[in-house]
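Structural features, examined
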Amino acid sequence: MKKQKIVQLIDIVMYFNVIVFIGSGIIAINQNNNYYLFFICVGILNIIFIALTMRLRINYNKSILKKIENEIITEASMSKESKEAFTNAKQEFLESRIEAEIMAKMPNSKVIRNAYVPRTDGKTSEIDLIVINMQGIFIIEAKNITGQIKGNWKDDKSLKVLHPGGKEYSIVNPIEQNTQHFYSLRNYLGLKSEYFRSIIVFGDLSYIENIYKTPYHAEVCQLDGLINSMNRIANRYGTTLEAHNIDNIFNNLLKFVEFSKEKKEQHIKNISQ
């Protein structure tokens, strides 16, 4: 969930309306003009509108934190095995939602999930989703994290996750993580960098402090902003893929989707070394 700014651009317009209408009402009173009541009433309605929308934004932000807090309490009461299963289920659910959103809005796309792409050092990169369409090759990292995400997307190697109760821990900057996936995929396919797009998608209970100041080569979003982010980063580069290239890349990568518990465990072992 993205934090709502308490004061937004529309409020400046409304403040201007208040000044105009209240000012016009005062002038009308001085001129004994019978329209003064209309101007003043409209001005007051604008003030009420501003107050109500600000209150809604404050309540919205509070509700996000409350949902996060409730989920943290629920997770804390689980056993280690249940917590691991719950975390995996949340991750799979987010990835499924991302795939469904893409296929609904970009039906000509080819989607690959959980591909273990080989790296030059003999290890593998586990990529959550690879989306291939005429706009390019999108490398999507899904993060279904419960908590407030804080940090500098451009410069920090790690970000902070802050729970409402005050508990804090660090995670690898997902942009840094996805950049490694980018190198693995680019080196394997042998294509130019401008065909690849890095997208980080957070779940509903990720409370993101700043979603805008990201590097040029990456986008950070939540599910409702995914398609806009994909279009935005694709327009940044302007390169496109032909239909036969899309099919070739898709078929070439399918062999890396063969999932097994042993492959997953080996991947985890490799990245922990």
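Residues numbered from 1 in each chain as written. Predicted model: local features only at pLDDT ≥ 70, side-chain atom pairs only at ≥ 80, totals over all residues. Heavy atoms only, no water.

**Examining helix α5 (residues 226–237)**
For clarity, the cut-off: Segments assigned H or I by DSSP are reported as helices when at least four residues long, segments assigned E as strands when at least two residues long, and all are numbered from the N terminus. A helix's residues, less one, multiplied by 1.5 Å, set its expected span. Relative accessibility decides the category of a residue: with a 1.4 Å probe and only protein chains considered, values under 20% of the type maximum give buried, values over 50% give exposed, and everything between is partly exposed. Within this analysis, the arc is defined by the directions that extend from the helix axis to the C-beta atoms. Here, two residues are considered to be in contact whenever any of their heavy atoms come within 4.5 Å of each other.
Relative to the 16 Å expected for twelve residues at 1.5 Å per residue, α5 spans 17 Å between its end C-alpha atoms, a close match to the ideal helical length. Looking at α5, one finds that the buried residues are L226, I227, S229, M230, I233 and A234. Along the axis of α5, the buried residues cluster in a sector spanning 160°; they form a single face. With respect to the buried face of α5, the exposed residues turned more than 90 degrees away are N228 and N235. If you follow the buried residues of α5, they end up packed against α3 (80–105), β2 (124–133), β3 (136–143), β7 (196–202) and β9 (218–222). Among the residues trailing α5, G238 stands out with phi positive, at a value near 80°.

**Focus: the nonpolar core**
Basically, it comes down to this: Among the buried residues, those of types Ala, Val, Leu, Ile, Met, Phe, Trp, Tyr and Cys that are joined through side-chain atoms within 4.5 Å form a nonpolar core.
Residues I98, I102, F138, I140, I199, L226 and M230 are the most contacted members of the largest nonpolar core, which totals 19 residues. If you list the elements that add at least two residues to this core, you get α3, β2, β3, β7 and α5. Element by element, the count of residues in this core is highest for α5, at five residues. Residue contacts for I102: discarding those within four places in its chain leaves P107, S109, V111, V131, I140, L226, I227 and M230. Ranked by size, the runner-up nonpolar core spans 18 residues in total, among them I112, I132, F182 and I249.

**Thoughts on the confidence of the model for the chain**
Which entries qualify depends on this criterion: The predictor's confidence in any single residue is recorded as pLDDT, a number from 0 to 100.
With 88% of its residues at a pLDDT of 70 or more, the chain has an overall mean of 83. For the chain, the element scoring lowest by mean pLDDT is helix α7 (residues 261–272), at 49; β3 scores highest, at 96. Scored below 50 in pLDDT, residues 267–273 shows six contacts in the model against residues more than four places distant or in partner chains.

**Remarks on the pattern of salt bridges**
Condition: One speaks of a salt bridge when a side-chain nitrogen belonging to Lys or Arg is within 4 Å of a carboxyl oxygen belonging to Asp or Glu.
For the coordinates displayed, the defined rule picks out eleven salt bridges. Here the salt bridges do not stand alone but share partners, grouping E95, E99 and R113 into one network.

**Examining the sheet that holds strand β1 (residues 110–118)**
Here is the rule we go by: In short, DSSP must find at least two bridges between two strands for them to pair. Here an axis means a line fitted to C-alpha atoms, over the contact stretch when the element is a helix, while the angle between two N-to-C directions is reported on a 0 to 180 degree scale.
Pairing is mixed in the open sheet, where five strands are placed in the order β1-β2-β3-β7-β9. The open sheet has two edge strands with one neighbour each: β1 and β9. Ignoring which end each strand starts from, the neighbouring axes of this sheet average 30° apart. Where β7 meets β9, five bridges bridge the pair, whose relative direction is parallel. Bridging from a neighbouring strand, I200 pairs with V220 of β9. α5 contacts β2, β3, β7 and β9 of the sheet and is inclined by roughly 170° relative to β9.

**Some remarks on the pairing of strand β5 (residues 158–162)**
Of the two faces of β5, only the one carrying L159 and V161 is buried; S158, K160 and L162 on the other face are not. With five bridges connecting them, β5 and strand β6 (residues 168–172) associate as antiparallel partners. The partner of K160 across the bridge, within β6, is S170.

**Quick word on the pairing of β1**
As defined by bridge partners, β1 adjoins β2 across eight bridges and the pair is classed as antiparallel. What sits directly across from I112, in β2, is I130. With antiparallel pairing between neighbouring strands as the criterion, β1 and β2 make up a hairpin whose turn holds five residues, including G122 at a positive phi of roughly 90°.

**Brief notes about the sheet that holds β6**
Read across the sheet, four strands follow the order β6-β5-β4-β8 without closing on themselves; strand pairing throughout is mixed. This sheet does not close on itself; its edge strands, each paired only once, are β6 and β8 (206–208). With direction set aside, neighbouring strand axes in the sheet form an average angle of 35°. Of the pairings in the sheet, the one linking strand β4 (residues 147–150) to β8 comprises three bridges and is parallel in character. Following the sheet pairing, I149 is matched in β8 by I208.

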